[in-house]
Amino acid sequence: MSEKTEPKGQEPRAKIGIISMGDMGSALASLLIANGYVVSTNCTGRSQDTIDRAITVGAELLPTDEALITQCDVILSVVPPAQAAATAERIITAVKSVSSGPNPRCTPLYFADMNAISPSTVKSIAASFTTAGLDPDHDVRFVDGCILGVTPSRKQQTSSSSTTALGPSSTGPAAQISAASTPTNPVVSFPQEDILHDPTTGWSYPLLPTSGPWSFTDESTFPYPYGNHFASTLHIEHMLSDPNPNSSGAEKQQTSSSEIGQASALKNVYAALAKGFAALSLLSLSTAHSLRILPSFLSSLKRLAPSRLNTMTRYVTTLPPKAYRWVREMEEISKTFTDEEVGWNEDKEDVFKHVAGVFRFVADETVLGQEKVGKRKRGLDLEDLCQAMGDGLEGRRKKRAVEKEGEESEK
């Protein structure tokens, strides 16, 4: 991608709608605005933090979803998984309202669901547009999409003598690990994962794969002149399907257009690796802390697997503000892995149902669940993270003891 500064007074390329202005949504907005786009959103009913993020990046605040539908040709849905279906319903309601009003759209709206949901969930959402009677030729074209990696940002933070910069993360500015935060002092430079870098522009960015019958880069169907530039700016790559393994001969060598659900499937199998590792790291760290072997555990990792220690540190210290959201995301991964087309047994092999439980514990039973993006106080280093997890587990043990004592007294 090559960033260009729009000449003063030049008309913007287009107006793009984003719902909503969370950490990722506002970062994508910032990237689009830097490349000559206007970004609009509707923050009605949202928190002041969301409104502040929108204002900070320079997004235009519109009062209604109908205004968003009228003024934007593309809307990206970037919300927590639990809100994906409701957000789509908002768009359906707004499109129907605009279509029946005095100024209906002349060309179809492109609605891209970029959320971390399972193929079955996104197919259900896509079907809701058809059920509502919306025509892709005139009303809405649904795009299945996903975001692989962390939030876009401009330049990485540099390290100092006492801290290590972790690079851009989806919790805001690069988290810092104090040189004295653990007995192992992991101050070596962390290999940055889940992000790509463009040295010519200074931007770091994720990938945004899409799938389904509609593409931003298909000039024969995308009715607006900025499709390829828009896709290049956000690093949107439209997927092709692999050949059907049950085919034979020449058919087995052919690829075909991708389907709705395949981009969401890609998100799930990709995220399962990182977030599964994050959950295992929390289990190992908290167990080592409770059994009073944490220094030995960290020392062993530093000597035998330093890159694993670095990756673990980056993952677990940046996840607290996202733990509540990851509960539903793990449930969506669970649905993906136990889908009938895959074959893993829901009762015997559904690992991610339990991974969801780990993040639910962090969100509901520790102080880490109170953390907010940009306002971090706890869990910024391994020592404090383990203390917070240990306090949560201690609270759970005491609660179980009280419950057990009550059960015995009733006998």
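As shown above, the structure is provided for reference.
Note that this is a predicted model, so its numbers are computed, not measured. (Residues numbered from 1 in each chain as written. Predicted model: local features only at pLDDT ≥ 70, side-chain atom pairs only at ≥ 80, totals over all residues. Heavy atoms only, no water.)

Enquirer: Go over the environment of E371 with me, naming the residues and quoting the values.
Expert: Turning to its location among the elements, E371 is positioned in the loop between α11 (351-365) and α12 (382-410). Residue classification places E371 among the buried residues on the basis of a relative accessible area of 7%. Sequence spacing of E371 and P321 is 50 residues, and the spatial spacing of their C-alpha atoms is 4.9 Å. The residues contacting E371, other than those within four sequence positions of it, are P320, P321, R376, K377 and R378. Side chain to side chain, E371 and R376 meet in a polar contact 2.9 Å long. (Helix = DSSP H or I, 4+ residues; strand = E, 2+ residues; numbered from the N terminus. Buried < 20%, exposed > 50% of the residue type's maximum accessible area, 1.4 Å probe, protein only. Contact = heavy atoms within 4.5 Å. Polar contact = N/O pair within 3.5 Å; in protein donor to acceptor, adjacent residues only side chain to side chain.)

Enquirer: For the nonpolar core, give the residues involved together with the corresponding values.
Expert: With 36 residues, the main nonpolar core has L282, L285, V316, L319, F359 and V362 as its most contacted residues. Sorting the residues of this core by element identifies α7 (262-290), α8 (294-304), α9 (306-318), α10 (323-337), α11 and α12 as the ones contributing at least two each. Listed in part, the 33 residues of the second largest apolar core include I18, L208, W214 and F222. (Core = buried A, V, L, I, M, F, W, Y, C linked by side-chain atoms within 4.5 Å.)

Enquirer: Tell me about the side chain of S264, and name the residues and values.
Expert: Following the sequence through the fold, S264 ends up in helix α7. Of note is the side chain of S264, whose polar atom sits 2.7 Å from the side chain of D144.

Enquirer: How would you explain the sheet that holds strand β7 (residues 153-154) if you had to name every residue and give the values?
Expert: What the three strands build is an open sheet, ordered β7-β11-β10; its pairing is antiparallel. Lying at the two open borders of the sheet, with one neighbouring strand each, are β7 and β10 (196-198). Here β7 pairs with strand β11 (residues 203-205) via two bridges, running antiparallel. Pairing of S153 across the sheet is with S204, part of β11. (Pairing = 2+ DSSP bridges.)

Enquirer: If you had to explain the pairing of strand β2 (residues 38-41) to someone new, which residues and values would you point to?
Expert: Relative to β2, strand β1 (residues 15-19) runs parallel, the two being bridged by three bridges. The residue bridging G17 from the neighbouring strand is S40, located in β2. Once the chain exits β1 it traverses helix α1 (residues 23-34) before rejoining the sheet at β2, and the crossover so formed is right-handed. Sheet topology places β2 next to strand β3 (residues 60-61); two bridges connect them, and they run parallel. Following the sheet pairing, T41 is matched in β3 by L61. For the crossover from β2 across helix α2 (residues 48-57) to β3, the handedness is right-handed. (Right-handed = clockwise from strand over helix to strand, strands pointing away.)

Enquirer: Quick rundown of the sheet that holds strand β12 (residues 208-211)? Include the residues and the values.
Expert: Ordered by their spatial adjacency, eight strands build an open sheet running β3-β2-β1-β4-β5-β6-β12-β13, and the pairing between neighbours is mixed. Each edge of the open sheet is held by one strand with a lone partner, namely β3 and β13 (236-238). Alignment of strand β4 (residues 74-77) against strand β5 (residues 109-113), held across four bridges, turns out to be parallel. Along β5, the bridge assignment pairs I75 with F111.

Enquirer: Which residues make up the pattern of salt bridges, and what are the values?
Expert: Following the criterion strictly, the structure yields 14 salt bridges and no others. The shortest N-O distance in the salt bridge between D49 and K375 comes to 3.0 Å. Note that D49 is positioned in helix α2 and K375 in the loop between α11 and α12, a separation of 326 residues in sequence. We classify K375 as partly exposed; its relative accessible area is 49%. The salt bridge involving E365 is made with R396; its shortest N-O contact spans 2.7 Å. (Salt bridge = Lys/Arg side-chain N within 4 Å of Asp/Glu carboxyl O.)

Enquirer: Could you give me a rundown of the packing of aromatic side chains, with the residues and numbers involved?
Expert: In this description, a pair of aromatic rings is defined by centroid distance and the angle of the planes. Inspection of the entire model under this criterion finds 16 aromatic pairs. Relative to F216, the ring of Y110 has its centre 5.8 Å away and its plane inclined at 40 degrees; by these criteria the two rings are tilted. In this pair, Y110 is assigned in strand β5 and F216 in the loop between β12 and α6 (227-234), connecting sequence segments 106 residues apart. F216 shares its class with Y110; the two are buried. An angle of 75 degrees between the planes, with centres 5.7 Å apart, marks the rings of F216 and F222 as edge-to-face. F216 sits in the buried class, given a relative accessible area of 3%. F222 sits in the buried class, given a relative accessible area of 5%. (Phe/Tyr/Trp six-rings, centres within 6.5 Å; stacked < 30°, edge-to-face > 60°.)

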